[in-house]
Amino acid sequence: MTDESTGTSYAAAGVDIAAGERAVELMKSRVAASHRPEVVEDVSGFAGLFDVSALKRFERPLLATSTDGVGTKVDLARRLGVYDTIGHDLVGMVIDDLVVCGAEPLFMTDYIACGKVVPERIAAIVGGIAEGCALAGCALVGGETAEHPGLLGPDEFDVAGAGTGAVEASKVLGPHRVRPGDVVLGLASSGIHSNGYSLVRHILRETGLELEATPPELGRTLGEELLTPTRIYAKDCLALIDAAEVHAFAHITGGGLAANLARSLPSGCDAVLRRSSWTPPPIFGLLEAYGRVPRAEMDKTFNMGVGMAAVVAASDADAALRTAAERALPAWVIGEIVEGTGQARLI
C-alpha cells in the first residue's frame, strides 16, 4: 500500500487543480459579458446551453459550424507576454468563416492547452475571446483549459475554438449566386491577422529582426504590429447583407486573396482583381523586403490588406460601400466578376 503522506499526487505530476479553479474565477465576469439572451445557465458547468427556440423566426434554419485556431501567432504572444489579443484572433478565425455563408453567429466554445496553468494568463486569453465574441455578436458558452505538463513547456500554450451559427436556407450565400457583372469589394484587414506566422517567424530568425525594434514605417514596435488583433467582420458582413444584394463573401486567410475568393466562385465565373486599387499596409512591405519574399509568395501567404472580400450586385455596390463607411470599415472596389472558369486573378 502507498502511504498518503509519502505517495505521489496530481500536483507532483505537474497539474495544479487549484490554479485552474482560480483561472475560472478570474474569467467569469468577462465571459458572462459576452452572453446573448438565449444563453441558459448550466449550473453543473459541464456544458453550455443555448435556447434554440430563437430559431423559430426562421422558416428553414440551417446550422453552420466552424472550428479553427490561432496557429503560431501564439508563440509571439508568449514571447512578448501579451495574452489578451489572441482571443480576438481566435474569434476572427472561427466566426468570420461562419458569416461567409450568411450565417448569424450564435455561440462559441474554446479550448486551451498549456504546460502550466497560470490563472492570470488563462483569464487574459479567455477574456480576449469573450471580448471578441461580443464584437461578433455571439456568446462564449463554454470551454476547456487542459494542463499538459511534460508535453508542453511551462510557458507554452495553444488555443482553438468552435462556433455555431444559423442561416435561412433560402438565403445561404455562395458561388450559386455569383454572376458576371458583379462587383468585388475589399474589406480592409487590421494587419496580418492570424495566417502566415510561420513565415513571419522564419524571417525573424533569418534576419535577426527584433520584436522590440521600431521600424520607422510602422511607428511602433514590430512586436506590437505583429500582435495586432484580427479584425472581426461578422457584424459588418451581416449589415452589408441587410443593406445590399450580397452574393458571396470570402474570408481571406491561409492561401491569400485569390485562392480564397476562388472558393466563392462558380465554375463559369472569374474574379479579376486590380492590385492598383489598394496599397497594402507597411508591415507587408517590411516582411517582403527583409525576408526577400517573392511577391507571388506574399500573395499566397498573407491577406495583403484585404481580410474579407464581398461579391455584390453592381447596382448595390454604392450602398454596400456606404454601409461599410458608416461602420468605420475601410472598403473599396477591388475588381469585377467576368465569365471564366472559376479562377480569381490579380492584375
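None of these values were measured; they are calculated from a predicted model.

Enquirer: How should I be thinking about the overall build of the protein chain in this particular structure?
Expert: Per the secondary structure count, the protein chain includes 11 helices and 12 strands. Out of the 347 residues belonging to the protein chain, those deemed buried represent 50%. Accessible surface computed for the protein chain: about 15800 Å², of which carbon and sulfur atoms make up 53%.

Enquirer: I keep staring at the packing of aromatic side chains and nothing clicks. Help me out?
Expert: Geometry of an aromatic ring pair is reported as the spacing of the ring centres plus the angle between the planes. Considering all chains together, one arrives at four aromatic pairs under this definition. Geometrically, the ring pair formed by Trp278 and Trp332 is tilted, given 6.3 Å between the ring centres and 45 degrees between the ring planes. Of this pair, Trp278 sits in the loop between β9 (269–273) and α9 (282–291) while Trp332 is found in strand β11 (residues 331–339), placing the two residues 54 residues apart along the sequence. Judged by relative accessible area, which is 17%, Trp332 ranks as buried. The ring of Tyr83 has Arg121 sitting right over it, with the charged end atom 5.8 Å from the ring centre.

Enquirer: Would you take a moment to explain the pattern of salt bridges for this structure?
Expert: Any two side chains of opposite charge can pair, given that their charged atoms come close. Tallied over the full model, the rule gives 14 salt bridges. For Asp75, the salt bridge identified is with Arg78, shortest N-O distance 2.6 Å. Of this pair, Asp75 and Arg78 both sit in helix α2 (residues 73–80), three residues apart, which is roughly one turn of the helix. Here Glu288 makes a salt bridge to Arg295, at a shortest N to O gap of 3.3 Å.

Enquirer: Explain the pairing of strand β5 (residues 139–147) to me, please; I cannot follow it from the model alone.
Expert: Successive residues of a regular strand alternate their side chains across the two faces of the sheet. Alignment of strand β4 (residues 104–114) against β5, held across eight bridges, turns out to be parallel. Counterpart to Tyr111 in the pairing with β5 is Glu144. The parallel pair β4 and β5 is bridged by helix α4 (residues 119–136), and the resulting crossover is right-handed.

Enquirer: Which parts of the structure should I look at to understand the sheet that holds β5?
Expert: Strand pairing in a sheet relies on backbone hydrogen bonds, with the paired strands running either antiparallel or parallel. Sheet architecture is open: four strands sit in the order β3-β6-β4-β5, paired in mixed fashion. Whereas interior strands pair on both sides, the edge strands pair on one side only; in this sheet they are β3 (61–69) and β5. Across the sheet, the axes of successive neighbouring strands diverge by a mean angle of 15 degrees, strand direction being ignored. Relative to β4, α4 is tilted by about 165 degrees, and along the sheet it contacts β4, β5 and β6 (157–168).

Enquirer: I tried to follow unusual backbone geometry on my own but got confused; where do I start?
Expert: Its identity as a non-glycine residue notwithstanding, His193 has a phi of 65 degrees, on the positive side. Its location among the elements puts His193 in the loop between β7 (183–188) and α5 (197–207). One non-glycine residue, Ala328, lies in positive phi territory at about 60 degrees. Topologically, Ala328 is positioned in the loop between α11 (317–326) and β11.

Enquirer: I keep staring at the layout of surface pockets and nothing clicks. Help me out?
Expert: The gaps left among the atoms become clear once a water-sized probe is rolled over them. Computed from the structure, the second largest pocket encloses a volume of approximately 340 Å³. Considering the residues around the second largest pocket, the lining is formed by 15 residues, among which Gly102, Lys171, Leu238, Ile241 and Asp242 are closest to the centre. Contributing elements (two or more residues each) for the lining of the second largest pocket: β6 and α7 (234–243). Across the lining of the second largest pocket, the residue classes tally to eight nonpolar, one polar and six charged.

Enquirer: Looking at this structure, I do not really get the sheet that holds strand β8 (residues 246–251). What am I missing?
Expert: Judged by pairing direction, the sheet is mixed, and its six strands sit side by side in the order β8-β10-β7-β11-β9-β12 without closing on themselves. Each of the sheet's edge strands pairs with one partner strand only, and the pair in question is β8 and β12 (344–346). Neighbour-to-neighbour, the strand axes of the sheet open up by a mean angle of 25 degrees, direction not taken into account. Pairing geometry for β9 and β12, over three bridges, is parallel. Note that in β12 the partner of Ala271 across the bridge is Ala344.

Enquirer: I'm lost on the nonpolar core in this one. Help?
Expert: Ranked by size, the top nonpolar core spans 52 residues in total, and within it Ile95, Met108, Ile192, Leu226 and Phe302 carry the most contacts. Those elements that provide at least two residues to this core are α2, α3 (86–98), β4, α4, β6, α5, α6 (222–226) and α9. Setting aside its immediate chain neighbours within four residues, Leu226 contacts Lys73, Leu76, Ile192, Tyr197, Val200, Leu204, Leu211 and Ile283.

Enquirer: Please explain the side chain of Glu168 as it appears in this structure.
Expert: Position of Glu168 among the secondary structure elements: in strand β6. Among buried charged residues, Glu168 stands out as having no salt bridge; its nearest opposite-charge side chain is Lys171, 6.1 Å away. The contact partners of Glu168, leaving out residues within four places of it in the chain, are Phe58, Glu59, Arg60 and Pro61.

Rules and cut-offs
Residues numbered from 1 in each chain as written. Predicted model: local features only at pLDDT ≥ 70, side-chain atom pairs only at ≥ 80, totals over all residues. Heavy atoms only, no water. Helix = DSSP H or I, 4+ residues; strand = E, 2+ residues; numbered from the N terminus. Buried < 20%, exposed > 50% of the residue type's maximum accessible area, 1.4 Å probe, protein only. Areas by Shrake-Rupley, 256 points an atom, 1.4 Å probe, with all protein chains shown as cover. Phe/Tyr/Trp six-rings, centres within 6.5 Å; stacked < 30°, edge-to-face > 60°. Lys NZ or Arg CZ within 6 Å of the ring centre and 35° of its normal. Salt bridge = Lys/Arg side-chain N within 4 Å of Asp/Glu carboxyl O. Pairing = 2+ DSSP bridges. Right-handed = clockwise from strand over helix to strand, strands pointing away. Axes fitted to C-alpha atoms, helices over the stretch in contact; angles between N-to-C directions. Contact = heavy atoms within 4.5 Å. 1 Å grid on protein atoms, 1.4 Å probe; cavity = no way out; pocket = protein on both sides within 12 Å on 5 of 7 lines; lining within 4 Å. Points joined across faces, edges and corners; volume = space filled by probe spheres on them. Nonpolar A, V, L, I, M, F, W, Y, C, P; charged D, E, K, R; others polar. Core = buried A, V, L, I, M, F, W, Y, C linked by side-chain atoms within 4.5 Å. Lys, Arg positive; Asp, Glu negative; His and termini not counted.

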